[in-house]
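# Understanding the architecture of this molecule
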Amino acid sequence: MIEKFKPYLESIGIYTPKLLGIIDSIYEISSEMCPEEIQDIFVTDLPKDDATGAHENLWFFSSSYIMEAKQFINMYDLDVCRIMKAITYYRIKLRDYDFKTATENSRLTVEFLTIDDITCDLKAAKLNCNKLKDIILKYIKPNLVSHP
Amino acid sequence: MTSHLTIDKPATIEEYTHWLHDYLNIEITYEHENYYSTAINQMKHQFVISPFWRQLCKKLREYNDSYLADKGYQLLLDLSEPEVLTKSFMSLLGKTFRKNVIENDDWPNEPVDGWILPDNWLVRINDTLRTSIIVKYLDGVQYITNRLQTLCEQNGKILECRFQAREEGYYAAHLYFREEFEIPTFDYWDAEKVNTLVEIQITTQVKELIRALLYKHYEKRRVKLPTSEEIWQWQYDSDEFATNYLGHIIHYVEGMIVGIRERGES
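Conventions used here
- Residues numbered from 1 in each chain as written.
- Chains lettered and ligands numbered in written order.
- Predicted model: local features only at pLDDT ≥ 70, side-chain atom pairs only at ≥ 80, totals over all residues.
- Heavy atoms only, no water.
- Contact = heavy atoms within 4.5 Å.
- Buried area = accessible area lost by both parts, 1.4 Å probe.
- Salt bridge = Lys/Arg side-chain N within 4 Å of Asp/Glu carboxyl O.
- Pairing = 2+ DSSP bridges.
- Helix = DSSP H or I, 4+ residues; strand = E, 2+ residues; numbered from the N terminus.
- Axes fitted to C-alpha atoms, helices over the stretch in contact; angles between N-to-C directions.
- pLDDT = per-residue confidence, 0-100.
- Expected span 1.5 Å × (residues − 1).
- Buried < 20%, exposed > 50% of the residue type's maximum accessible area, 1.4 Å probe, protein only.
- 1 Å grid on protein atoms, 1.4 Å probe; cavity = no way out; pocket = protein on both sides within 12 Å on 5 of 7 lines; lining within 4 Å.
- Points joined across faces, edges and corners; volume = space filled by probe spheres on them.

### Examining the interface of chain B and chain A
- Contacts between the two partners involve 14 residues from chain B, matched on the other side by 22 residues from chain A.
- Carbon and sulfur atoms supply 50% of the area that chain B and chain A bury against each other, a total of about 1500 Å² over both sides.
- Our enumeration of links across chain B and chain A arrives at two salt bridges.
- A salt bridge links A:Arg95 to B:Asp190; the nearest nitrogen and oxygen atoms lie 2.8 Å apart.

### A closer look at the sheet that holds strand β6 (residues 107-114) of chain A
Residues and elements named next belong to chain A.
- If you walk across this open sheet you meet the three strands as β5-β6-β7, and the pairing is antiparallel. Strand pairing shows two members of the sheet lacking a second neighbour, β5 (87-95) and β7 (119-125), which therefore form its edges. Shown here is a sheet whose adjacent strand axes are inclined to one another by a mean of 10°, direction ignored.
- Pairing of β5 with β6, which is carried by eight bridges, proceeds in the antiparallel orientation. Residue pairing in the sheet places arginine 91 in a bridge with glutamate 111 of β6.
- Strands β5, β6 and β7 of the sheet are contacted by helix α3 (residues 128-140), whose axis makes an angle of about 25° with β6.

### Let's talk about the confidence of the model for chain A
- Summing up the model confidence of chain A, the mean pLDDT is 90 and the portion of residues at 70 or higher is 95%.
- For chain A, strand β2 (residues 54-61) of chain A is the element with the lowest average pLDDT, namely 90, and α3(A) is the one with the highest, namely 96.

### Considering helix α4 (residues 89-102) of chain B
- With 14 residues, α4(B) should reach 20 Å at 1.5 Å per residue; the first-to-last C-alpha distance of 19 Å fits that figure.
- Every buried residue belonging to α4(B) is among B:Phe89, B:Ser91, B:Leu92, B:Leu93, B:Gly94, B:Lys95, B:Thr96, B:Phe97, B:Arg98, B:Asn100, B:Val101 and B:Ile102, and all of these are buried.

### Things to note about the pattern of salt bridges
Residues and elements named next belong to chain A.
- This structure, assessed with the given rule, holds 23 salt bridges over all chains.
- Residues lysine 70 and aspartate 79 are paired through a salt bridge, measuring 2.7 Å at the closest nitrogen-oxygen approach.
- Salt bridges sharing partners connect three or more residues here, namely Asp40, Lys131 and Lys138.

### So, empty space enclosed by the protein
Residues and elements named next belong to chain B.
- Enumeration over the complete set of coordinates arrives at two cavities of 30 Å³ or more.
- Here the largest cavity is characterised by a volume of approximately 60 Å³.
- Contributing to the lining of the largest cavity are 10 residues, with Gly169, Tyr170, Tyr171, Lys207 and Ile210 lying nearest its centre.
- Elements that contribute at least two residues to the lining of the largest cavity include exactly α7 (205-222) and α8 (239-265).
- Element by element, the count of residues in the lining of the largest cavity is highest for α7, at four residues.

Okay, here's the thing in structure tokens:
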């Protein structure tokens, strides 16, 4: 169940029963697919002119793995990739964000490459930048290896 | 040194992507594909929850009931909400190849309306979002078209109607109207509004079966330069010969069916 992730989801505008139900369903499937317990969640959101966000991809994290549900509102397309000491490169792009305070104009994207040649791309807008920063510091940076 | 006037047309999609890079300095990468996937899914999501689409889906039941009352037969094959489909990235690229190269009479110069490129293809390609309405009888095509024309007018939209009758045996009505969508910019930093066409295809249930059969041949032919050997009308042992002429025969038979039905009614 996604109770533990609800505060984050509500902070990025995901609170309707329908959307929460979709995420819960994907969480259940991801829990079965992942060899470890899921620890964290991130939702890629896209900028929109109004106050709402447009949600694109759903990510789950365990200590060694990352799972992505692409276009999760419209379809189930899940993959699992290991990240434990498996990231060889990552790149971040920021706009109006100093890694401390996020505003309405803040944008943060991170792209990283793994030993297995998998490219992952996470995007955040507005306050979601803070969550993505946490993800980078907790799951991406520590798993960067110097010798693949 | 190669004269611009002597550039051969690329013959395949692969050659086309090389040509885009060499002559227009455009490299098609996975970033284009990812961005297109994001944008088109955003557009689809916005469309299916839009008031116009919700109203259209509800109206389809009314049209079916009116037709049933008028003619004594069901109009629609299926009363459930039509599925909204998105064009795949490869199909999009294939269509730009067709428009920019194969069908470009001004080659090697740009077509009359300009090149269709990543910065405008969402607006220029008319079927990135499409849906189908399948009717049971041939006269149902015009019946639905007329009513959708009225619905669009009531909603301040201009509906463009093209009745297709292709030599490959493809018969359908293609209707187009513009919708505004909000999608991220290519760098994902901001949002922008795009005004793009949505396509509604209306065809009969038997023709829909034929379309499924000939689709793979049709798409293969459309993304390469035609050669003189490929005159399907003389290749009587080919699948295309059978399915294409079947399309024409079916159209004729469906016309006869409606004619007989109407003579019976009168």
